Amino acid sequence: MNKKSVRDVEVNGKRVFVRVDFNVPLENGKITDDTRIRETLPTIKYLIENGAKVILASHMGRPKGQFVDSMRLTPAAERLSELLGKPVVKADEAVGEAVKAEIAKMQNGDVLLLENVRFYPGEEKNDPELAKQFAELADLFVNDAFGAAHRAHASTEGIAHFLPAVSGLLMEKELSVLGKALSNPERPFTAIIGGSKVKDKIDVIDNLLNIADNVLIGGGLSYTFMKAQGYEIGLSLCDNDKLDVALGFIQKAKDLGKNFLLPVDIVIADDFKADANVEIVEVGNIPEKWEGVDIGPKTRAKYAEIIKNSKLIVWNGPMGVFEIDPFSNGTREVAEACAQTEGYTIIGGGDSAAATEKFHLAEKMNHISTGGGASLEFMEGKALPGVVALNDK
Ligand SMILES: Nc1ncnc2c1ncn2[C@@H]1O[C@H](COP(=O)(O)OP(=O)(O)OP(=O)(O)O)[C@@H](O)[C@H]1O
Ligand SMILES: O=C(O)[C@H](O)COP(=O)(O)O
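Residues numbered from 1 in each chain as written. Chains lettered and ligands numbered in written order. Predicted model: local features only at pLDDT ≥ 70, side-chain atom pairs only at ≥ 80, totals over all residues. Heavy atoms only, no water.

With that settled, consider the sheet that holds strand β14 (residues 291–295). Pairing is antiparallel across the open sheet formed by three strands, whose spatial order is β13-β12-β14. Pairing within the sheet leaves two strands with one partner each, and these edge strands are β13 (278–282) and β14. With direction set aside, neighbouring strand axes in the sheet form an average angle of 40°. As defined by bridge partners, strand β12 (residues 265–269) adjoins β14 across four bridges and the pair is classed as antiparallel. Residue Ala269 lies in a different strand from β14, and its bridge partner there is Glu291. Along the sheet, helix α11 (residues 297–308) contacts β12, β13 and β14; its crossing angle with β14, the most-contacted strand, is approximately 35°. (Pairing = 2+ DSSP bridges. Helix = DSSP H or I, 4+ residues; strand = E, 2+ residues; numbered from the N terminus. Axes fitted to C-alpha atoms, helices over the stretch in contact; angles between N-to-C directions. Contact = heavy atoms within 4.5 Å.)

Okay, here's the thing in structure tokens:
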């Protein structure tokens, strides 16, 4: 990576503003998955051990510029304190006199977590005034929030214009793993793309078609491809205004000599719930009032074989409605194949990461990205504003 990292600068005795992504799932005020917090520990511990005053900042949810009690970062501070085995002071605001007073009291190695930066309207607008207020709190900016690196916000991008700005160790790891995979992939390289809508995945399919050898399609977005080819899809999800785009991808794959695979059989249901009637049909045979909810067993076997014979696998988006058990087999078998392959497996965050957790296979993957939208934009080949703004080496 051509950006400076926290290892390239002096941190001893410095006040360091560290942007993290503690946007973790909460249920009744309890964190249900602390992965994003655990993944920032190397950076935080590095700063503590090297005598920095660690000022952490994050967003949580989408409070739209207002203070919302259920989106305060108090549970994240408590969890971080448990993981570090030391106190983490939690501020009730992210800027202002009370925060400055709290920072003035800090000793080297102390950790402070600011309040949710999205409680301030200037955050998402990337208001330079708010960015300046963040910058006034510190001597150095460290961006470790890979999950939010696709957002040009005051605490991810704006602040970098007012302070020396370097990447954290998680940011560095994500960029290095994803970057190496996409720029110099081991082959055969297989990309698996699922999820609900074609329109959300156009750019990623387009870019991966250029660089992967095999592109395997599943999930809700596959029905748009089927309809585009003239197959009956019943009530299945469909982006009707993306039929031409879908046909374009099929043609592009042919032109480039790529292996572009669509499901050959489908699990269909007569309702979107666990006790619905379920059948397996060949492509093109979905009855009028039924919908596709998962890839069928022949498709699963074919995809699994390709995955097992690949040297690099990048997976983004579930193969079916994996949250509902009878519709989860396709996603589970793809996850199992990823767990068993000798190839290097990269899970592109979001729902695919949640699926590997659900099937207790997360440990078997080589890299699970902490970014959902961010890893998608990276795989689309887009520059991430939170990275672009950091100082070059
Ligand atoms: N056949 C289908 N019909 C309806 N919904 C589906 C189908 N297949 C998958 N889904 C749903 O798609 C959702 C995931 O789609 P989405 O595009 O948001 O996923 P994603 O690519 O993992 O996104 P992110 O990584 O950004 O979270 C899941 O909730 C899943 O239930
Ligand atoms: O969960 C995520 O993908 C990141 O934390 C970014 O959140 P956002 O989509 O609300 O910007």
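That was the structure; now back to the text.
For helix α8 (residues 198–211), spanning 14 residues, the distance from its first C-alpha to its last is 19 Å, which sits close to the expected 20 Å at 1.5 Å a residue. The sharpest bend along α8 comes to roughly 30°, located at Val204. For α8, the set of buried residues is Val198, Lys201, Ile202, Val204, Ile205, Asn207, Leu208, Leu209 and Ile211. (Expected span 1.5 Å × (residues − 1). Bend = angle between axes of the 7 residues up to and from the residue. Buried < 20%, exposed > 50% of the residue type's maximum accessible area, 1.4 Å probe, protein only.)

Every one of the 20 residues lining ligand 1 counts as a neighbour, but Lys201, Gly220, Gly292, Glu323 and Asp351 are closest to it. At 3.3 Å from an oxygen atom of ligand 1 is found a side-chain nitrogen or oxygen belonging to Asn316. In the model, an oxygen atom of ligand 1 is placed 2.5 Å from a nitrogen or oxygen of the Glu323 side chain. Summarising the interface, the protein chains cover 81% of the accessible area of ligand 1, which totals 640 Å² for the free molecule. Only β14 and α13 (350–358) provide two or more residues apiece to the shell around ligand 1. Top contributing element to the shell around ligand 1 by residue count: α13, with three residues. Taken together, the residues of the shell around ligand 1 break down into six nonpolar, 11 polar and three charged. (Near = heavy atom within 4 Å. Polar contact = N/O pair within 3.5 Å; in protein donor to acceptor, adjacent residues only side chain to side chain. Areas by Shrake-Rupley, 256 points an atom, 1.4 Å probe, with all protein chains shown as cover. Nonpolar A, V, L, I, M, F, W, Y, C, P; charged D, E, K, R; others polar.)

Topologically, Asn316 is positioned in strand β15 (residues 312–316). At 2.9 Å, the side chain of Asn316 and the side chain of Lys201 are in polar contact. Of note is the side chain of Asn316, whose polar atom sits 3.4 Å from the backbone oxygen of Gly348. Residues contacting Asn316, with those up to four places away along its chain left out, are Ile192, Ile193, Gly194, Lys201, Gly348, Ser352, Leu376 and Met379.

Moving on, we come to the pairing of β12. Taken across its five residues, β12 has five buried, putting it largely inside the fold. Every second residue of β12 is oriented toward a common face, with Asp265, Val267 and Ala269 on one face and Ile266 and Ile268 on the other, all of them buried. As paired elements, β12 and β13 share five bridges and run antiparallel to each other. Among the inter-strand pairings, Ile268 is bridged to a residue of β13, identified as Glu279.

Glancing now at the nonpolar core. Membership of the largest hydrophobic core comes to 39 residues, with the highest contact counts inside it found for Phe189, Ile205, Leu208, Ile217, Phe225 and Phe260. Contributing elements (two or more residues each) for this core: α7 (169–183), β9 (189–193), α8, β10 (214–217), α9 (222–228), α10 (243–256), β15 and α14 (373–379). Those residues in contact with Phe225 that lie beyond four places of it in its chain are Val198, Ile205, Ile217, Ala246, Phe249, Ile250, Phe260 and Leu262. (Core = buried A, V, L, I, M, F, W, Y, C linked by side-chain atoms within 4.5 Å.)

In this section: the site of ligand 2. Residues in close proximity to ligand 2 include Asp21, Asn23, Arg36, His59, Arg62, Arg118, Gly147 and Arg151, which together make up its full environment. In this structure, an oxygen atom belonging to ligand 2 sits 2.9 Å away from a side-chain N or O atom of His59.

With that settled, consider the environment of Gln107. For Gln107, the location among the structural elements is in the loop between α4 (97–104) and β6 (111–113). On the basis of relative accessible area, Gln107 is assigned to the exposed category, the value being 52%. C-alpha of Gln107 to C-alpha of Gly147: the two residues are 40 residues apart in sequence and 29 Å apart in space.

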